[in-house]
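Structure at a glance
Listed below are the residues making up each chain.
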Amino acid sequence: MRVTFATEAAPGWPNEDFVAAAPDAVVLLDGAGTPPGSDSGCSHGVAWYSRTLGSTLLTAMSQSAGTLAELLSVGIKSVSSLHDGTCDLAHPGSPSATVIMLRRVNDTLEWLVLADSVLLLDVVEAAEPVVVCDDREAQVGALHRAEMDALDSGSVEHVSAHRRYVETLRSYRNRDGGFWVAATDPLAADQALTGSMPADQIRAAALLSDGASRLVDRFHLGTWRHVLDTLDESGPDDVLRQVRAAEQSDPQGTRWPRGKAFDDATALYFRL
Ligand SMILES: [Zn+2]
């Protein structure tokens, strides 16, 4: 398989997305930010969490025969053990991340998707791609974002409404009826969407953090097919360029209300 990817931090902040590839496996994680003025109980931070869990998962996918959900469960436990002596892992804002894992085992392609990063599968002889996305956080979030969305991005009021929004959502994290992410509870792995297909049924796949998928699912500036075609013809850089151009055209979130005017954006494309 041939893999290309691009990742770009939101201006002025460390990149909390993580993407990596091995010959038969890829991972993409999107760390959930701790807004300024909010506490997380962890001295390492969100970027450390997504990078550490992502590298742990990629290593396990290349070396272990367990299911992807088993590897994720073990990976969450393993990263917790790296900082349970120094950090408060019971804190409701402890670092968390979305996870996509995808690997080829012999003639089969297997995937796992937890939380709101998007996996697109370009299936042979299908006009529209299969979209795998766990939108439970968006469903919960829709109930609580009206105040934030009514304010101009970048304003002091929006910054504090965003912080309140993030802190409100913490009470739904890793609970039935809420949404599930990789954080400190290994049981989150059982809540991931998983699947597999014969590899010869899939032309290509794309992995997108929500900072990249917003081109389609928030800005509505194209279809998933458009994203796959762009990745195939001009590469992941071009997808990120289109996202940044859209964000720059609406810096205050008037046309597209959103928590972050600019977000970390990552796109990975692989062709089988
Ligand atoms: Zn820590």
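The notes below deal with the structure included here. (Residues numbered from 1 in each chain as written. Predicted model: local features only at pLDDT ≥ 70, side-chain atom pairs only at ≥ 80, totals over all residues. Heavy atoms only, no water.)

**A few points about the side chain of R258**
- By the secondary structure assignment, R258 is in the loop between α8 (236-249) and β10 (265-271).
- When its relative accessible area of 1% is taken as the criterion, R258 is described as buried.
- Only 3.4 Å separates the side chain of R258 from the backbone oxygen of E247, close enough to count as a polar contact.
- A polar contact of 2.9 Å, which involves the side chain of R258, links it to the backbone oxygen of D250. (Helix = DSSP H or I, 4+ residues; strand = E, 2+ residues; numbered from the N terminus. Buried < 20%, exposed > 50% of the residue type's maximum accessible area, 1.4 Å probe, protein only. Polar contact = N/O pair within 3.5 Å; in protein donor to acceptor, adjacent residues only side chain to side chain.)

**Description of the coordination of the zinc ion**
- Binding of the zinc ion to the protein goes through C42 (SG), H44 (ND1), H83 (ND1) and C87 (SG), at separations of 2.1 to 2.4 Å.
- Classification of the site at the zinc ion as tetrahedral follows from its four donor atoms and the range of 96 to 119° in their angles at the metal.
- Here the donor residues of the zinc ion are spaced in sequence according to C-x1-H-x38-H-x3-C. A residue pair is termed long-range when its members are at least 10 positions apart, and H44 in the loop between β3 (25-31) and α1 (46-63) and C87 in the loop between α2 (68-83) and β4 (97-105) qualify at 43 residues. (Donors = N, O, S within 2.8 Å, 3.2 Å for Na, K, Ca; no water. Tetrahedral: all angles 85-135°; square planar, octahedral: opposite > 155°, others 65-115°.)

**A short note on the pattern of salt bridges**
- Enumeration according to the criterion identifies 14 salt bridges in this entry.
- Where E110 meets R103, a salt bridge forms, and the shortest distance between an N and an O atom there is 2.7 Å.
- D229 is paired through a salt bridge with R225; the nearest N and O atoms lie 3.5 Å apart. Within this pair, D229 and its partner R225 are both found in helix α7 (residues 224-233), separated by four residues, close to a single helical turn.
- Taking relative accessible area as the criterion, D229 reaches 30% and is therefore assigned partly exposed. (Salt bridge = Lys/Arg side-chain N within 4 Å of Asp/Glu carboxyl O.)

**A look at the nonpolar core**
- The biggest cluster of nonpolar side chains holds 27 residues, and the ones touching the most others in it are V27, L53, L72, V99, M101, L112 and L114.
- Ranked by residue count, the leading element in this core is α2, at six residues.
- For M101, the contacting residues outside a window of four places in its chain are V26, V27, L57, M61, L68, L71, L72, E110, W111 and L112.
- Grouped together as the second largest cluster of nonpolar side chains are 19 residues, L208, L228, L231 and V243 included. (Core = buried A, V, L, I, M, F, W, Y, C linked by side-chain atoms within 4.5 Å. Contact = heavy atoms within 4.5 Å.)

**Quick look at the packing of aromatic side chains**
- Summed over all chains, the structure comprises one aromatic pair.
- On the basis of an interplanar angle of 35° and a centroid distance of 4.5 Å, the ring pair of F219 and W256 is categorised as tilted. Of this pair, F219 sits in the loop between α6 (210-217) and α7 while W256 is found in the loop between α8 and β10, placing the two residues 37 residues apart along the sequence.
- For W256, a relative accessible area of 7% puts it in the buried group. (Phe/Tyr/Trp six-rings, centres within 6.5 Å; stacked < 30°, edge-to-face > 60°.)

**Focus: the packing of α6 against α8**
- Where α6 meets α8, the axes come as close as 9 Å, and the angle between the chain directions of the two elements is 70°. By the criterion of interaxial angle, the relationship of α6 to α8 is roughly perpendicular. Counting all contacts with α6, which are made through G211, A212, R214 and L215, the residues of α8 involved are L240, Q242, V243 and E247.
- Residues that form the contact of α6 with α8 fall into these classes: four nonpolar, two polar and two charged. (Axes fitted to C-alpha atoms, helices over the stretch in contact; angles between N-to-C directions. Parallel < 35°, antiparallel > 145°, perpendicular 65-115°, else oblique. Nonpolar A, V, L, I, M, F, W, Y, C, P; charged D, E, K, R; others polar.)

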